[in-house]
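# Summary of structural features
Residues per chain, in single letters:
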Amino acid sequence: MQRYDLESGLMIQANPGGKRLLNIDSMSGGEKTLVALAFLFAVQEFRPAPFYILDEIDAALDKEN
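Source: prediction; values computed, not measured. (Residues numbered from 1 in each chain as written. Predicted model: local features only at pLDDT ≥ 70, side-chain atom pairs only at ≥ 80, totals over all residues. Heavy atoms only, no water.)

### Focus: the overall build of the protein chain
Applied cut-off: Comment: elements are numbered from the N terminus, with helices defined as DSSP H or I runs of at least four residues and strands as E runs of at least two. Partly exposed residues are those whose accessible area sits between 20% and 50% of the maximum for their type, while under 20% is buried and over 50% is exposed, using a 1.4 Å probe and protein chains only. We call two residues in contact whenever any of their non-hydrogen atoms come within 4.5 Å of each other. Shrake-Rupley sampling with a 1.4 Å probe provides the accessible areas, and residues are treated as covered by the protein chains on show and by no other component.
Within the protein chain, the secondary structure is distributed over one helix and two strands. When the helices and strands of the protein chain are placed in sequence order, the string is β-β-α. The 65 residues of the protein chain split such that 15% are buried. In the protein chain, once contacts between residues fewer than 6 apart in sequence are set aside, the share between residues at least 24 apart is 32%. As displayed, the protein chain has an accessible area near 5,900 Å², and 55% of this comes from carbon and sulfur atoms.

### A short note on the pattern of salt bridges
Filter applied, for reference: One speaks of a salt bridge when a side-chain nitrogen belonging to Lys or Arg is within 4 Å of a carboxyl oxygen belonging to Asp or Glu.
This model, assessed by the stated rule, comprises one salt bridge. A salt bridge links Lys 19 to Glu 31, with the nearest nitrogen and oxygen atoms 2.5 Å apart. Here the residue Lys 19 occupies a position in the loop between β1 (13–14) and β2 (22–23), and Glu 31 occupies one in helix α1 (residues 29–46), the gap between them amounting to twelve residues. Residue Glu 31 is classed as buried on the basis of its relative accessible area, which comes to 7%.

### Points about the side chain of Thr 33
Mapped onto the fold, Thr 33 is located in helix α1. Not counting residues within four places of it along the chain, the set of residues in contact with Thr 33 comprises Ile 57, Ala 60 and Leu 61.

### Some points on the environment of Ile 57
Looking at the secondary structure, you find Ile 57 in the segment after α1. For Ile 57, a relative accessible area of 34% corresponds to the partly exposed category. Between the alpha carbons of Ile 57 and Leu 37 there is a distance of 8.9 Å; along the sequence they are 20 residues apart. When sequence neighbours within four positions are dropped, the list of residues in contact with Ile 57 reads Thr 33 and Leu 37.

Here you go:
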C-alpha cells in the first residue's frame, strides 16, 4: 500500500500582470483566483477530467482582474 504525505502542501509563485514574482499568500484575492485558474487549466492539459465544477469562481475578482 502506498502512503502519501498529506501535510506537504504546495508552494505556488507567480508574477501576475507583470508584477514581480510573488508567493500566492501575498497576492490579492483576484490574483489568487487567476493563478489558481491557470494552474487548473495546466493540470487539465496534462490529465483532462470529464468535467469541472467551478462555483462562484468570480467572487474574489475585482475590476482590474
